[in-house]
Amino acid sequence: MGSRVRVLAVTHVRPAETSNPPPHDAIKLSLFDTLFLPLTPIQRLFFYDGDDLPPFPDMLLTLKSSLAATLAVFTPLAGRVAVTSSSSGDDVAIDCSDGAVSRGVRFVEVEYAGTAADVRRLARAAEHDAEAYAQLAPAIEVGALPAPALAVQVTKPATAAADGAVVGAVVVGVTMNHVVADGQAFWEFIRAWAAAAARGGDSTEIVAPPTFDRAAINRHPKAEEASREFLRALAPALPKVNTFPKPDNALQRRRTYLLSASQIRSLKHRISLHINGANASASTVPAAAAVNPPTSTYAAVASLVWASAVRAKNALTDATADAYLMFAADCRARLRPPLPAAFFGNCAKSCYARATVGELRDGSSGGESSLAHAAASVREAVREQLADPTGDADRWMERHGALPWDRTVQVGASNRFAAYETDFGWGAPSRVELASVFAREFMAVVGAPEGAVQVSVALDRDRIDGFEDSFMSLLQGSS
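Not measured: the values here are computed from a predicted model. (Residues numbered from 1 in each chain as written. Predicted model: local features only at pLDDT ≥ 70, side-chain atom pairs only at ≥ 80, totals over all residues. Heavy atoms only, no water.)

Caption draft 1: Up close: the nonpolar core. Counting 64 residues, the largest nonpolar core has Leu31, Trp306, Leu325, Met443 and Phe467 as the members making the most contacts within it. Ranked by the residues each element gives to this core, the list is headed by helix H10 (residues 297–312), at 12 residues. Discounting residues that sit within four places of it in the chain, tryptophan 306 has contacts with Ala323, Tyr324, Leu325, Ala353, Arg354, Ala355, Leu360, Ala374, Ser377 and Val409. (Core = buried A, V, L, I, M, F, W, Y, C linked by side-chain atoms within 4.5 Å. Buried < 20%, exposed > 50% of the residue type's maximum accessible area, 1.4 Å probe, protein only. Helix = DSSP H or I, 4+ residues; strand = E, 2+ residues; numbered from the N terminus. Contact = heavy atoms within 4.5 Å.)

Here you go:
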């Protein structure tokens with residue numbers, strides 16, 4: 001399809017001047033950072049609508065000034081991911097030198113070919129218009145270094161008033177190079193930026209300023225060699241990076257589901273009841289369930305997604321075959337010594353839960369058995385694989401490469417990410433979504449208002465309806 005957007009202006013936002021010098025000229029990548037070199041950047045869309053939105057020029061002024069103030073604190077986001085040279089050969093780092101930072105962050109002003117009502121329909125539809133979404137976030141090319149760390153795009157309807165006094169809807173698109181930061185760090189930046197904008201745009205107040213020092217990660221045994229191994233595999237011909245191919249939107253459909261707080265409580269309760277009953281009758285539920293801590297919201301939602309996706313794969317006919325859930329777990333507090341919560345960078349490890357296809361398709365008891373097996377397997381994966389997060393770093397790529405991708409479901413983000421608290425001064429967003437996904441089959445969760453959880457799903461076109469049927473029946477407790 002053709003472009004639905006027209007670029008109005010491109011500027012660059014530089015960090016506001018401050019008496020505090022940047023903490024680093026260059027930040028050497030950790031093993032966690034290096035793994036994200038080939039990945040699609042994090043791209044989030046924030047939809048806002050209403051007749052009381054400020055005039056478009058005022059919104060742009062506020063967003064730019066608050067971004068400048070926030071970049072003065074989150075300085076690496078104004079830098080570049082670049083090749084560096086040393087006695088041991090080429091390496092990659094985040095260039096935060098004055099020369100790199102002075103270029104600033106690309107800030108694109110765009111109009112969408114449609115009315116405010118058209119933009120609102122994009123925001124409210126359960127079925128995503130993936131082509132339109134992709135055009136509402138700025139692109140960052142990560143296949144060749146140096147690559148930008150951040151870019152921003154602000155889009156208004158083409159039919160907005162000529163003076164911008166009435167826009168009716170606006171979309172803020174944010175693209176962050178995944179090498180620079182993980183999901184937790186991304187949302188810390190977004191929270192700080194929104195808070196600065198809500199205060200008027202020219203200052204930012206952060207209780208716990210971000211820290212960028214990777215030394216606590218890099219000093220761990222195996223960290224240095226693992227990072228070099230990852231770099232050799234992912235970018236053997238620097239400055240070129242072997243990026244992962246982007247999914248074809250024509251082969252994929254994307255939908256969003258909202259789980260209310262009461263639905264989540266019910267889901268967690270049903271899982272716990274089944275695990276308790278299984279323990280009492282010496283069931284084959286995985287051993288981690290024997291301790292029987294309360295089921296977390298994340299484990300409950302991830303289990304629902306995992307079981308639903310496996311049930312939708314009609315090609316999985318061998319009930320004894322293993323199926324996997326790949327999910328990212330924050331390791332800041334799990335390292336020894338731990339990193340501060342304000343650490344800005346990548347510190348998330350891929351974990352792999354395992355259950356059989358038959359266990360995840362078990363239709364007894366309204367599907368509780370499937371959910372209980374999934375939740376216990378997630379708990380077991382956390383217990384085993386996060387006890388020493390970097391202890392098996394030399395096997396990360398081998399384990400990832402050995403996954404049977406036709407039997408693997410990937411879940412990203414977290415219900416702890418308060419996406420709908422992103423208020424730039426004109427209220428909460430009507431919708432927050434991924435602009436793009438890095439895999440053909442992928443699910444992302446974020447926190448939603450009033451204790452709800454939003455689940456965004458990307459699947460093959462011929463599987464999305466089956467997923468939805470299983471998702472709703474497992475949620476309601478009917479198999």
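Caption draft 2: The arrangement of the packing of aromatic side chains in detail. Tallying each qualifying case throughout the model produces 19 aromatic pairs. On the basis of an interplanar angle of 45° and a centroid distance of 5.5 Å, the ring pair of phenylalanine 32 and tryptophan 396 is categorised as tilted. Linking phenylalanine 32 in helix H1 (residues 31–34) with tryptophan 396 in helix H13 (residues 396–401), this pair joins segments that are 364 residues apart in sequence. In this structure, phenylalanine 32 and tryptophan 396 share a single accessibility class: buried. Measuring from centroid to centroid gives 6.1 Å for tyrosine 257 and phenylalanine 467, while their planes differ by 50°, and the two rings are tilted. Of the two residues, tyrosine 257 is situated in strand E10 (residues 252–259) and phenylalanine 467 in helix H14 (residues 464–476); the sequence distance between them amounts to 210 residues. Take tyrosine 257 and phenylalanine 467: they sit in the same class, and that class is buried. These aromatic residues form a ring-pair network of at least three members: Tyr48, Phe74, Phe189, Trp193, Phe212, Phe344, Phe424 and Trp426. (Phe/Tyr/Trp six-rings, centres within 6.5 Å; stacked < 30°, edge-to-face > 60°.)

Caption draft 3: Here's a closer look at helix H2 (residues 56–71). Spanning 16 residues, H2 covers 22 Å between terminal C-alpha atoms, matching the ideal 22 Å at 1.5 Å per step. Looking at the buried positions of H2, the neighbouring elements they touch are strand E1 (5–13), strand E6 (105–112), strand E8 (150–157), strand E9 (169–176) and helix H6 (183–198). (Expected span 1.5 Å × (residues − 1).)

Caption draft 4: Main features of the pairing of E6. Buried residues dominate E6, accounting for seven of its eight residues. Alignment of E1 against E6, held across eight bridges, turns out to be antiparallel. The partner of valine 10 across the bridge, within E6, is valine 108. By the bridge criterion, seven bridges tie E6 to E8 in an arrangement that is parallel. Within the sheet, the bridge partner assigned to glutamate 111 lies in E8 and is lysine 156. (Pairing = 2+ DSSP bridges.)

Caption draft 5: Region of interest: the state of the cysteines. In this structure the tally under the stated criterion is zero disulfides. Looking at cysteine 96, it has no disulfide partner, and the nearest cysteine sulfur is the one in cysteine 347, 18 Å off. Free cysteine cysteine 331: the closest other cysteine sulfur is in cysteine 347, separated by 5.3 Å. (Disulfide = S-S within 2.5 Å.)

Caption draft 6: View of the sheet that holds strand E14 (residues 431–434). Strands sit in the order E1-E6-E8-E9-E3-E14 across an open sheet of six strands; the sheet is mixed. Two strands lie at the open edges of the sheet, namely E1 and E14, each paired on one side alone. Taken pair by pair, the neighbouring strands of this sheet meet at an average axis angle of 20°, ignoring direction. Here helix H4 (residues 116–124) sits on the sheet in contact with strand E3 (42–49), E6, E8, E9 and E14, set at roughly 125° to E3. (Axes fitted to C-alpha atoms, helices over the stretch in contact; angles between N-to-C directions.)

Caption draft 7: Spatial organisation of the confidence of the model for the protein. Mean pLDDT over the protein stands at 90; residues scoring 70 or higher make up 92%. Here helix H9 (residues 261–280) stands out as the element of the protein with the lowest mean pLDDT, 84, in contrast to E9, whose mean of 98 is the highest. (pLDDT = per-residue confidence, 0-100.)

Caption draft 8: Layout of the environment of alanine 126. Within the fold, alanine 126 resides in the loop between H4 and helix H5 (130–135). With 143 residues separating them along the chain, alanine 126 and histidine 269 place their C-alpha atoms 27 Å apart. In this view, alanine 126 contacts Arg254, Arg255, Thr256 and Arg431; residues no more than four positions away in its chain are not counted.

Caption draft 9: Quick look at the pattern of salt bridges. Going through the model one piece at a time under the given rule, you end up with 29 salt bridges. Residue arginine 332 is joined to aspartate 330 by a salt bridge in which the shortest nitrogen-to-oxygen separation is 2.6 Å. Across the pair arginine 431 and glutamate 433 runs a salt bridge, and its minimum N-O distance is 2.9 Å. In terms of burial, arginine 431 and glutamate 433 fall into one category: buried. Beyond isolated ion pairs, a larger network of salt bridges with shared partners links Glu127, Arg253, Arg255, Asp465 and Glu468. (Salt bridge = Lys/Arg side-chain N within 4 Å of Asp/Glu carboxyl O.)

Caption draft 10: Seen up close, empty space enclosed by the protein. All told, the structure shown has three cavities of 30 Å³ or more when counted by the stated rule. There is about 70 Å³ of room inside the largest cavity. Along its surface, the largest cavity is lined by Lys28, Leu29, Thr34, Asp91, Val92, Glu224, Ser227, Arg228 and Leu231. Elements with a contribution of two residues or more to the lining of the largest cavity: strand E5 (89–95) and helix H8 (223–234). It is H8 that contributes the most residues to the lining of the largest cavity, four residues altogether. Per-class residue counts for the lining of the largest cavity are three nonpolar, two polar and four charged. Of the volumes computed, that of the second largest cavity is approximately 40 Å³. For the second largest cavity, the full set of lining residues is His128, Arg254, Glu433, Leu434, Val437, Phe442, Ser456, Val457 and Ala458. Secondary-structure elements contributing two or more residues to the lining of the second largest cavity are E14 and strand E16 (453–460). Take the lining of the second largest cavity: its biggest share by element is three residues, from E16. For the lining of the second largest cavity, the residue count by class is five nonpolar, two polar and two charged. (1 Å grid on protein atoms, 1.4 Å probe; cavity = no way out; pocket = protein on both sides within 12 Å on 5 of 7 lines; lining within 4 Å. Points joined across faces, edges and corners; volume = space filled by probe spheres on them. Nonpolar A, V, L, I, M, F, W, Y, C, P; charged D, E, K, R; others polar.)

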